[in-house]
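What follows is each chain in one-letter form.
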Amino acid sequence: MPLKESPDPAEPSWVQGVTTDFLIFYSSRDGSGKLWCPDCVAVEHVVQQTFGPADGPSGLIVYVGQRLAWKDASNPYRAGPWNVNSIPTVIRTRDGARLVEGEISKHLAAFVREECAE
């Protein structure tokens, strides 16, 4: 499945109606189209390689907002059902398992294979 993207920023009600194998939480893009979060930039390539191919697992990038919106403790993605405390975060929707920040570069391939094996 090709990698899909939410509106930027994504409204929580929009994300709740989506069915996909994985949710990928990223910072929003700035005026020039770049992710403001350096950790998100660091994993963008591996995420694209993993979820981009037509035969890859289904994934949805969810943009959590600009820096001030994300840093606000009341950001809706910090609460349930997502409970995202760091970006980037990849959540496997089947069981809620997640990879956070640097774990994504190191373990995403195995994390996704585990989904496909079941």
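What counts, and where the lines are drawn
- Residues numbered from 1 in each chain as written.
- Predicted model: local features only at pLDDT ≥ 70, side-chain atom pairs only at ≥ 80, totals over all residues.
- Heavy atoms only, no water.
- Helix = DSSP H or I, 4+ residues; strand = E, 2+ residues; numbered from the N terminus.
- Expected span 1.5 Å × (residues − 1).
- Bend = angle between axes of the 7 residues up to and from the residue.
- 1 Å grid on protein atoms, 1.4 Å probe; cavity = no way out; pocket = protein on both sides within 12 Å on 5 of 7 lines; lining within 4 Å.
- Points joined across faces, edges and corners; volume = space filled by probe spheres on them.
- Polar contact = N/O pair within 3.5 Å; in protein donor to acceptor, adjacent residues only side chain to side chain.
- Contact = heavy atoms within 4.5 Å.
- Buried < 20%, exposed > 50% of the residue type's maximum accessible area, 1.4 Å probe, protein only.

A. Representation of helix H2 (residues 38-51). Taking 1.5 Å per residue as the helical rise, H2 with its 14 residues ought to reach 20 Å, and the 20 Å between its terminal C-alpha atoms agrees with that figure. Maximum bend of H2: about 40 degrees, positioned at glutamate 44.

B. Layout of the layout of surface pockets. Within this model, the largest pocket holds a volume of roughly 170 Å³. Taken together, Val15, Gln16, Val18, Thr19, Thr20, Leu23, Pro81, Trp82, Ile91, Thr93, Gly96 and Arg98 make up the full set of residues lining the largest pocket.

C. View of the side chain of threonine 89. The residue threonine 89 is located in strand E4 (residues 89-92) in this model. A polar contact is formed between the side chain of threonine 89 and the backbone oxygen of serine 86, at a distance of 2.4 Å. Dropping the residues within four chain positions of it, threonine 89 is found in contact with Leu23, Ile24, Phe25, Val84, Arg98, Leu99, Val100 and Ile104.

D. Structural context of the environment of aspartate 39. For aspartate 39, the location among the structural elements is in helix H2. Of the residues examined, aspartate 39 reaches a relative accessible area of 36% and is grouped as partly exposed. For the pair aspartate 39 and isoleucine 87, spaced 48 residues apart in the sequence, the C-alpha separation amounts to 7.2 Å. Not counting chain neighbours up to four residues away, the residues in contact with aspartate 39 comprise Ile87, Pro88 and Glu101.

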